[in-house]
Amino acid sequence: MKQKYYVELNRQEWRLIIEGLNRFRNKLIAAGRYADAVDEILIKVAKAKPQKSMLWRWRR
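The following paragraphs examine the structure supplied in this document. Quick caveat: nothing in here was measured; it's all calculated off a predicted structure.

Right, let's get into the pattern of salt bridges. Inspection of every chain in the model, using the stated rule, returns three salt bridges. For Glu-19, the salt bridge is made with Arg-15, and the minimal N-O distance between the two is 3.2 Å. In this pair, Glu-19 and Arg-15 are both assigned in helix α1 (residues 11-30), four residues apart and thus about one turn of the helix distant. Take Arg-15: its relative accessible area is 40%, and that puts it in the partly exposed class. The salt bridge involving Arg-23 is made with Glu-19; its shortest N-O contact spans 3.7 Å.

With that out of the way, let us pick up α1. With 20 residues, α1 should reach 28 Å at 1.5 Å per residue; the first-to-last C-alpha distance of 29 Å fits that figure. Turning to α1, its buried residues are Trp-14, Leu-21 and Leu-28. What you see down the axis of α1 is that its buried residues fit within an arc of 55°, all on one side. α1 presents Arg-11, Leu-16, Arg-23, Lys-27 and Ala-30 as exposed residues on the side facing more than 90 degrees away from its buried surface. On its buried side, α1 packs onto α2 (36-46). The N-capping residue of α1, defined by a side-chain oxygen 3.2 Å from the backbone nitrogen of Gln-12, is Asn-10. One or two positions beyond α1, positive phi appears at Gly-32, with a value near 80°.

One finds Leu-9, Trp-14, Leu-21, Leu-28, Ala-35, Val-38, Leu-42 and Val-45 forming the largest nonpolar core, which totals eight residues. Those elements that provide at least two residues to this core are α1 and α2. In contact with Val-38, not counting residues within four places along its chain, are Leu-21, Phe-24, Arg-25 and Leu-28.

What follows deals with α2. Along α2, the residues classified as buried are Val-38, Leu-42 and Val-45. Down the axis of α2, the buried set is contained in an arc of 65°. They therefore lie on one face. In α2, the exposed positions that point more than 90 degrees away from the buried face belong to Ala-37, Glu-40 and Lys-44.

What counts and what doesn't
- Residues numbered from 1 in each chain as written.
- Predicted model: local features only at pLDDT ≥ 70, side-chain atom pairs only at ≥ 80, totals over all residues.
- Heavy atoms only, no water.
- Salt bridge = Lys/Arg side-chain N within 4 Å of Asp/Glu carboxyl O.
- Helix = DSSP H or I, 4+ residues; strand = E, 2+ residues; numbered from the N terminus.
- Buried < 20%, exposed > 50% of the residue type's maximum accessible area, 1.4 Å probe, protein only.
- Expected span 1.5 Å × (residues − 1).
- Arc of directions from axis to C-beta.
- Contact = heavy atoms within 4.5 Å.
- Polar contact = N/O pair within 3.5 Å; in protein donor to acceptor, adjacent residues only side chain to side chain.
- Core = buried A, V, L, I, M, F, W, Y, C linked by side-chain atoms within 4.5 Å.

So, in structure tokens, the structure goes:
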């Protein structure tokens, strides 16, 4: 069984993660390497639904 992790983020932290993953993805593509793993993580972070107890309720 896979272990799940939950991270509590505010708006700025969430934005920094998205930007950092996108920069890393662009570097991999420019180097001619596969970016499939980064794409999957980027999609998961971008589509993450806020929880009532989390700090980033602004995404409603």
